[in-house]
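A closer look at the structure
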Amino acid sequence: MTSVTDDLPLAADFPKATVEDWRKLVDGVLKGTPFEKLVGKTYDGLKIDPLYPRARGVAPVVGRPAAAPWQIVQRIDHPDAVAANAQALTDLENGATGLSLVFAGSNGAHGFGLEPTADAVAKVLKDIHLDAGIGIELDIGPQSRMAAIHVAEYVKSNGLDPAACNIRFGLDPLAACAVWGHSPYTWEEIVPAVTGGIKGLAALGFKGPFASADGRVIHDAGGSEVQELAFVLACGVAYLRAIESAGVPLEQAQGMIYARLSADADQFLTMAKFRALRLLWARIETACGLTPKPLFIAADTAWRMLTQRDPYVNMLRATIATFAAGLAGANAITVLPHTLALGLPDPFARRAARNTQALLLEESNLAKVSDPAAGAGGIETLTAQLCDAVWALFQESEKAGGAFAALQQGLFQSKVAAARKARDANIAERRDVLTGASEFPNLHERETAVLKATPVALAPYGEQKYKFDALPPVRLAEPFEALRDKSDAALKARGARPKVFLANLGTAADFTARATFAKSFFEAGGIEAVDSEGFADPATLAAAFKASGAGLACLCSSDKVYAEHAEAAAKALQTAGSRHIYLAGRPTDAEAALRAAGVTGFVFAGGDALATLQEAYLRMEQA
């Protein structure tokens with residue numbers, strides 16, 4: 001059969017494109033700006049060039065079986081076991097192929113979770129056919145570790161064949177230690193308990209996997225991709241050694257471990273991260289004398305990227321994250337409902353989370369192609385860079401004595417803290433944008449519905465005998481949300497939000513761009529922008545400011561108009577009672593004169609928006 005391209009060699013009608021030709025075009029646009037400005041960097045310092053050639057001689061990274069879909073896993077975390085069971089049955093009836101049983105006190109509980117008792121487990125699993133191929137994942141912590149035993153007992157008491165049940169038991173004391181920052185036991189004391197549980201479950205006939213190497217704890221704490229992957233490797237190797245030391249052959253232990261990763265809205269970096277983990281784990285298996293087998297990787301969409309404000313944008317972030325993890329070969333994906341940061345998700349939020357995956361699988365057919373990123377120069381390069389950097393950090397943890405010793409010495413924590421500091425700075429300056437929170441806020445959004453539920457109360461976890469720095473989960477939008485909370489409190493108490501008057505100078509062509517920027521800037525902190533027409537007369541401007549009821553003012557216009565009218569406008573606003581006068585734009589040679597006229601701050605892209613907004617609240621409180 002002759003293809004269309006054989007009959008219509010369209011490319012032959014155009015000159016062959018070269019990198020040199022492309023560079024000439026780019027340099028023309030840059031107009032003297034260094035080309036390096038187009039080269040990005042990850043938080044691990046890995047370079048991302050603007051253009052890559054096709055990677056030659058590479059093979060697809062083996063993940064899921066060819067054309068096999070990933071498990072559509074739905075989160076079950078309602079504290080009421082009967083309500084949780086109803087949610088689980090609804091999910092399974094409407095497209096979910098797996099359930100993540102999130103128990104209170106686990107790494108992924110985020111405030112809620114199931115009660116870790118035998119009675120609660122029985123109620124949650126009622127009428128769920130565990131031997132029908134449904135994927136079950138347990139998200140447990142130190143206070144809920146008995147949940148794994150209760151699930152196993154439920155299976156046996158109901159006459160089910162353990163080997164027919166697809167259960168990932170999620171035993172992971174190392175991740176729990178990282179999150180809590182302490183342990184009542186040494187690693188030498190933890191190992192017998194963990195391996196005893198694994199051997200006991202295997203003896204009952206469960207096929208596992210049993211131990212989880214959970215990178216989510218690093219990602220949730222603000223860590224980088226290299227740190228997340230290195231922690232997974234360190235924990236995976238620690239569990240592999242522990243299981244072997246308990247008398248289990250390595251070939252059998254190999255299938256007892258699986259990994260958990262976070263997937264976020266950085267599509268290409270997420271894809272490279274999942275691909276890199278498979279290559280790195282295969283390297284470890286080879287070093288152990290094992291024949292590499294595809295590692296089971298479960299993914300959660302990232303907790304840290306969720307926002308409380310404009311939560312519907314979380315759906316878009318989750319879609320990108322699911323897309324990336326699915327294409328990169330994740331075996332199971334859990335989409336965190338878009339309202340989880342606000343409370344317990346309602347049926348609509350759960351349905352949206354479930355259908356995010358169903359649409360990508362059933363309508364977009366993403367699983368039909370194995371590793372579509374294979375050969376893509378950018379992703380292949382990024383995957384290789386990740387592998388090299390991760391291996392170096394993993395070797396550091398090995399030299400420290402393994403995962404537990406590395407935590408005791410603060411190896412991972414110090415690196416996560418550095419990445420978090422850099423990330424926080426970029427969020428404060430809005431270089432990393434959180435749509436709906438740090439950019440494009442909506443001060444008039446409606447309240448989002450969540451379920452009312454009382455979290456399960458748990459006893460404190462053990463004696464804090466061995467302490468080290470903790471890695472608690474964070475959400476990146478929290479600092480901006482705190483300012484929005486202040487604004488809401490003012491609205492509730494006084495009937496009005498804090499306001500900034502946009503003192504627009506000149507014509508619409510002069511001020512629209514900067515007025516639009518200033519509105520988004522201030523409203524990201526909950527300070528309502530009061531817009532205005534363009535002014536030329538300082539007295540009229542001052543009268544409009546007084547009528548607005550605002551305590552702050554921001555001059556908005558072009559540099560040309562500022563040169564002619566900004567000083568007079570600032571003096572008029574100051575006389576009219578403005579407690580603080582901003583100017584939308586970067587400081588120029590005229591800064592001293594403008595400050596003398598009353599301008600006290602400048603707002604511009606790349607400035608520390610968070611610090612500026614926090615300072616604005618302080619000024620308003622002091623007035």
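Overview of the structure. (Residues numbered from 1 in each chain as written. Predicted model: local features only at pLDDT ≥ 70, side-chain atom pairs only at ≥ 80, totals over all residues. Heavy atoms only, no water.)

**Observations regarding helix 2 (residues 19-30)**
- Across its twelve residues, helix 2 extends 16 Å between first and last C-alpha, which sits within 8% of the 16 Å expected from 1.5 Å per residue.
- Once helix 2 finishes, lysine 31 follows within two positions and takes phi at roughly 50 degrees, a positive value. (Helix = DSSP H or I, 4+ residues; strand = E, 2+ residues; numbered from the N terminus. Expected span 1.5 Å × (residues − 1).)

**So, the packing of aromatic side chains**
- Tallied over the full model, the rule gives 14 aromatic pairs.
- Here tryptophan 391 and phenylalanine 394 contribute two aromatic rings whose centre-to-centre distance is 5.2 Å and whose plane-to-plane angle is 55 degrees, an arrangement assigned as tilted. In this pair, tryptophan 391 and phenylalanine 394 are both assigned in helix 14 (residues 377-399), three residues apart and thus about one turn of the helix distant. Accessibility classification places tryptophan 391 together with phenylalanine 394 in one group, the buried group.
- Pairwise contacts between aromatic rings join Trp187, Tyr239, Phe404 and Phe468 into one cluster.
- Just above the ring of tryptophan 391 sits the side chain of arginine 283; from NZ or CZ to the centre is 3.9 Å.
- Here arginine 423 stacks its cationic end above the ring of tyrosine 43, 4.2 Å away from the centre of that ring. (Phe/Tyr/Trp six-rings, centres within 6.5 Å; stacked < 30°, edge-to-face > 60°. Buried < 20%, exposed > 50% of the residue type's maximum accessible area, 1.4 Å probe, protein only. Lys NZ or Arg CZ within 6 Å of the ring centre and 35° of its normal.)

**A short note on the pairing of strand 3 (residues 71-76)**
- Across the six residues of strand 3, six count as buried, placing the element largely inside the fold.
- By the alternation rule, side chains of strand 3 split into Gln71, Val73 and Arg75 and Ile72, Gln74 and Ile76, which are all buried.
- Pairing geometry for strand 3 and strand 11 (residues 332-334), over three bridges, is parallel. Counted as the bridge partner of glutamine 71 is alanine 332 from strand 11.
- Relative to strand 4 (residues 98-102), strand 3 runs parallel, the two sharing four bridges. (Pairing = 2+ DSSP bridges.)

**Comments concerning the nonpolar core**
- Core analysis: the largest hydrophobic core is formed by 121 residues, its most contacted members being Leu101 and Leu138.
- It is helix 9 (residues 225-245) that contributes the most residues to this core, 14 residues altogether.
- Aside from chain neighbours lying at most four places away, what touches leucine 138 is Leu101, Phe103, Ala148, Val151, Ile167, Arg168, Phe169, Gly170, Tyr258 and Arg260.
- Core analysis: the next-biggest nonpolar cluster, separate from the first, contains 54 residues, Ile427, Leu483, Phe535 and Cys556 among them. (Core = buried A, V, L, I, M, F, W, Y, C linked by side-chain atoms within 4.5 Å. Contact = heavy atoms within 4.5 Å.)

**Comments concerning the sheet that holds strand 4**
- Taking strand neighbours across the sheet as the criterion, the eight strands line up as 6-5-4-3-11-10-9-8 in an open arrangement whose pairing is parallel. For this open sheet the edge positions go to strand 6 (166-168) and strand 8 (211-214), each flanked by a neighbour on one side alone. Across this sheet, the average inter-strand angle for adjacent strands is 25 degrees, counted without regard to direction.
- With five bridges connecting them, strand 4 and strand 5 (residues 135-139) associate as parallel partners. Following the sheet pairing, serine 100 is matched in strand 5 by glutamate 137. (Axes fitted to C-alpha atoms, helices over the stretch in contact; angles between N-to-C directions.)

**Regarding the side chain of glutamate 439**
- Positionally, glutamate 439 belongs in the loop between helix 16 (411-428) and strand 12 (466-467).
- Only 3.3 Å separates the side chain of glutamate 439 from the side chain of serine 520, close enough to count as a polar contact.
- Those residues within four positions of glutamate 439 in sequence are excluded, and the remaining contacts are Arg430, Val433, Leu434 and Ser520. (Polar contact = N/O pair within 3.5 Å; in protein donor to acceptor, adjacent residues only side chain to side chain.)

**Quick look at the packing of helix 17 (residues 478-494) against helix 22 (residues 609-622)**
- Following both chains from N to C, one finds helix 17 and helix 22 inclined at 25 degrees, their axes separated by 10 Å at the closest point. The orientation of helix 17 relative to helix 22 falls into the category roughly parallel. Read as a crossing pair, helix 17 and helix 22 show a hand that is left-handed. Contact with helix 17, carried on its side by Pro479, Phe480, Leu483, Lys486 and Ser487, involves Leu610, Leu613, Gln614, Tyr617 and Glu621 of helix 22 and no other residues of that element.
- Looking at the contact of helix 17 with helix 22, its residues break down into six nonpolar, two polar and two charged. (Parallel < 35°, antiparallel > 145°, perpendicular 65-115°, else oblique. Left-handed = near helix turned anticlockwise from the far one by under 90°. Nonpolar A, V, L, I, M, F, W, Y, C, P; charged D, E, K, R; others polar.)

**Brief notes about unusual backbone geometry**
- Backbone torsion omega between glycine 208 and proline 209 reads 5 degrees, so that peptide bond is classified as cis.
- Relative to the helices and strands, proline 209 is located in the loop between helix 7 (187-203) and strand 8.
- Backbone geometry at alanine 67 places phi at a positive 65 degrees, although glycine is not the residue there.
- With respect to the helices and strands, alanine 67 occurs in the loop between strand 2 (47-48) and strand 3.
- Using a relative accessible area of 38% as the deciding quantity, one classes alanine 67 as partly exposed.

Everything listed is a geometric property; what it means functionally is a separate question.
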